[in-house]
Structure formats: structure tokens, C-alpha cells
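Coordinates in review
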Amino acid sequence: AAQARSINVSQATASDISTATVISVPGTVTVGSQISLSANVIASETAGGTVQFMDGDTPIGQAVVLVNGVATMGHTFDKVGAHPITAVYSGAAGFSGSTSAATSVLVEKASTGNGGGGSSDFLPFGS
């Protein structure tokens, strides 16, 4: 007769579900104007976790909790120029993280309001 031995049986862990992150931002904005940054995390089922919006290598605010696959936040740019914006999904239990492709937002100077004409201080030559 053989000696009794213990056998440890464990359930195989499923690999993480792949995700893709897609960002939605306006192409052009005026410096000082608030815009909405939005990211959609695509997975075969609803994932949890957070999304960190990035301006190049700089985080924009705090990470945003994913709700029904979407993370949205308001942001005001204070510097003129092109800003490469990405969304970084943290991943969650059973879901792999992902990063969106960079989308450029062009931040332009605010208009000065000088559209010409309309000034009562202007007198034509020879008046």
C-alpha cells in the first residue's frame, strides 16, 4: 500500500482582459477657457480603475475614476502652444492597463476684441 499524500489543487488564474483607451479632446482652445477631457476604456466587459490625463509627461490634476467605461474631467490650459494629451488607464483586477494615442490640443491666445471700427474716439482725416 502506498503512503497517503496531500494534493493542493488551485484554480487557474485567468489572464487580464486587454483594454484600449481612446481620448476625446477639442483640437483648438483659447488659453484660460475650460474644456472637457474625456477617455473611453474599451474592454469586453465593464472595467473599474482610474484614468490619469497627461499633458506630455505632466499629469493633469488627479486620476479620475472610471464610470461605465468613461472618465471625464474639466481642465483649463494656461500656456499657449501645442499640448500632446494622453489618457493612461490604470487597469483593475482582471483588466490590463492601456494608454491612448497622443492627441494634440492647440492652445491659442485670447482675442483682444479689437475688430476695428465701432470706436467713437476715431475721427476721419480732415474732420
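Residues numbered from 1 in each chain as written. Predicted model: local features only at pLDDT ≥ 70, side-chain atom pairs only at ≥ 80, totals over all residues. Heavy atoms only, no water.

With that out of the way, let us pick up the overall build of the chain. What the chain contains, in helices and strands, is zero helices and ten strands. In the chain, the succession of helices and strands from N to C terminus is β-β-β-β-β-β-β-β-β-β. Here the chain, with 127 residues, has 28% of them falling under the buried criterion. Total accessible area computed for the chain in this model is approximately 8600 Å², and 52% of it derives from carbon and sulfur atoms. (Helix = DSSP H or I, 4+ residues; strand = E, 2+ residues; numbered from the N terminus. Buried < 20%, exposed > 50% of the residue type's maximum accessible area, 1.4 Å probe, protein only. Areas by Shrake-Rupley, 256 points an atom, 1.4 Å probe, with all protein chains shown as cover.)

With that out of the way, let us pick up the environment of Leu106. Note that Leu106 resides in strand S10 (residues 103-108). Classification of Leu106 as partly exposed rests on a relative accessible area of 37%. Note: C-alpha distance between Leu106 and Thr30 (76 residues apart in sequence) is 8.4 Å. If near-sequence neighbours (up to four positions away) are discounted, Leu106 is found in contact with Gly27, Thr28, Val29, Gly81 and Ala82. (Contact = heavy atoms within 4.5 Å.)

This part is about the sheet that holds strand S3 (residues 34-42). Sheet architecture is open: three strands sit in the order S1-S3-S7, paired in antiparallel fashion. If you trace the sheet from one side to the other, it starts and ends with strand S1 (20-24) and strand S7 (70-76), each paired once. Across the sheet, the mean angle separating the axes of adjacent strands is 20 degrees when strand polarity is ignored. As paired strands, S1 and S3 are joined by five bridges and run antiparallel to one another. In the strand pairing of S3, Ile23 is matched with Ala39. (Pairing = 2+ DSSP bridges. Axes fitted to C-alpha atoms, helices over the stretch in contact; angles between N-to-C directions.)

Before going further, it helps to spend a moment on the pairing of strand S8 (residues 81-89). For strand S4 (residues 50-55) and S8, the ladder comprises five bridges, and the chain directions are antiparallel. Residue pairing across strands places Asp55 opposite Ile85, the latter belonging to S8. In this structure, S8 lies alongside S10, joined through five bridges in antiparallel fashion. Note on S10: the bridge partner recorded for Ala82 is Leu106. Two strands pair when backbone bridges link them, and S8 and strand S9 (residues 98-99) are joined in this way by two bridges, in the antiparallel orientation. By the bridge assignment for S9, Tyr89 is matched with Ser98.

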